[in-house]
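The residues making up each chain are set out below.
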Amino acid sequence: MSKITYLATKDYQDLSQQAASLIIAEIVSNPKAMICLAAGDTPIGTFGELVRMAKDQAVDFSLVTFVSLDEWVGLDGQNEGSCRSYLDKYLYKPLNIKAEQIKFFDGKALDIMGECEKMNAFLAEFGPLNLCLLGIGVNGHLGFNEPYSAFDQNAYVCDLDEITQTVGNKYFKTAYNIKQGITLGLQQILSADKIITIANGDSKQAAVTALRAGVADIACPVTLLNEHQDCYAILFV
Ligand code: F6R
């Protein structure tokens, strides 16, 4: 039976405040937490609230480690719209996070498989993640784990689903035509101690309906959260 805790939401701002409160609570209880935060549009409000709450409550982020969830292959933080650029703009820079606190995939690395190996070695030594904040893809993907990804996967380079390629255009002013992503694997995501998933807007309706049905089905990866022991879903869909 699904153990997901669904938190009621009034609107997107409420969703963002609740997600940020859970993240702050984690950091207050474990100042050395290792956390992984999705990029994309949904968490922008959460990041804004995190920055506000961190300042209001004087929460110390200096010992937190931030692990990359995913990146578009061919892009890095210099490319507007990349995952790293989102995190830099909305979270790392406003919170003055130091470079050494951030373990992020370099989507431009010539040795892209080496990026996976580095992340896998890092998580094998220091993992699992204490907390992972996930958005939900229109097709139900988690990170860039597309429908029918392997369950037992660590970080890898994946071919992006057509839907992800099309939806992804919303992030970029330049048409990059990106066909691959680099992502934490489902195994690494699902072994996080705590997971928070957030979704907002009509485009997520089908994935959220599948999630709420309560059955894990790799055709819609977000439904695997039904098997996680400590997962919150904060949805305004
Ligand atoms: C981004 C990521 C993706 C997004 C998902 C939803 O780092 O991992 O899985 O969370 O595609 O994106 P938005 O929030 O832009 O709708």
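Refer to the structure presented above.
Residues numbered from 1 in each chain as written. Predicted model: local features only at pLDDT ≥ 70, side-chain atom pairs only at ≥ 80, totals over all residues. Heavy atoms only, no water.

**Here's the deal with the pattern of salt bridges**
Evaluation of the coordinates by the stated rule reveals eight salt bridges. Put simply, aspartate 56 and arginine 52 hold a salt bridge, and the shortest N to O gap is 3.2 Å. Here the residue aspartate 56 and the residue arginine 52 both occupy positions in helix α2 (residues 44-56), the gap between them amounting to four residues, near one helical turn. Judged by its relative accessible area of 39%, arginine 52 is partly exposed. In this structure, the salt-bridge partner of lysine 173 is glutamate 80, at a minimum N-O distance of 3.0 Å. Here lysine 173 is found in the loop between α5 (162-168) and β8 (180-183), whereas its partner glutamate 80 is found in the loop between β4 (70-72) and α3 (83-92), with 93 residues between them in sequence. (Salt bridge = Lys/Arg side-chain N within 4 Å of Asp/Glu carboxyl O. Helix = DSSP H or I, 4+ residues; strand = E, 2+ residues; numbered from the N terminus. Buried < 20%, exposed > 50% of the residue type's maximum accessible area, 1.4 Å probe, protein only.)

**With respect to the side chain of glutamine 188**
Inspection of the secondary structure puts glutamine 188 in helix α6 (residues 186-190). Only 2.9 Å separates the side chain of glutamine 188 from the backbone nitrogen of alanine 155, close enough to count as a polar contact. Every residue in contact with glutamine 188, bar those within four places of it in the chain, is listed here: Asn120, Leu123, Leu129, Gln153, Asn154 and Ala155. (Polar contact = N/O pair within 3.5 Å; in protein donor to acceptor, adjacent residues only side chain to side chain. Contact = heavy atoms within 4.5 Å.)

**So, the nonpolar core**
Of all hydrophobic cores here, the largest spans 44 residues; its most connected members are Phe61 and Leu91. For this core, the elements supplying multiple residues, two or more each, are α1 (12-29), β2 (34-37), α2, α3, β6 (131-134), β7 (156-159), β9 (194-200) and β10 (231-236). No other element matches the seven residues that α1 contributes to this core. Excluding its chain neighbours within four sequence positions, the residues that come into contact with leucine 91 are Leu37, Phe47, Leu50, Val51, Phe66, Tyr86 and Ile97. (Core = buried A, V, L, I, M, F, W, Y, C linked by side-chain atoms within 4.5 Å.)

**What to know about the sheet that holds β7**
A sheet is described by the order of its strands in space; here three strands give the open sequence β4-β8-β7, paired in antiparallel fashion. Two strands close off the open sheet at either side, each with one partner strand: β4 and β7. Strand-to-strand twist across the sheet, computed as the mean angle between neighbouring axes with direction ignored, equals 25°. Sheet contacts for helix α4 (residues 112-126): β7 and β8; angle to β7, the most-contacted strand, approximately 130°. (Pairing = 2+ DSSP bridges. Axes fitted to C-alpha atoms, helices over the stretch in contact; angles between N-to-C directions.)

**Brief notes about the packing of α1 against α2**
α2 packs onto α1 with a crossing angle of 55° between their chain directions and a minimal axis gap of 8 Å. The pairing of α1 with α2 is recorded here as oblique in orientation. Seen from above, α1 lies across α2 with right-handed handedness. Residues Tyr12, Gln13, Ser16, Gln17, Ala19, Ala20, Ser21, Ile23 and Ile24 of α1 form the contact with α2, whose own contacting residues are Ile44, Gly45, Thr46, Glu49, Leu50, Arg52, Met53 and Ala54. (Parallel < 35°, antiparallel > 145°, perpendicular 65-115°, else oblique. Left-handed = near helix turned anticlockwise from the far one by under 90°.)

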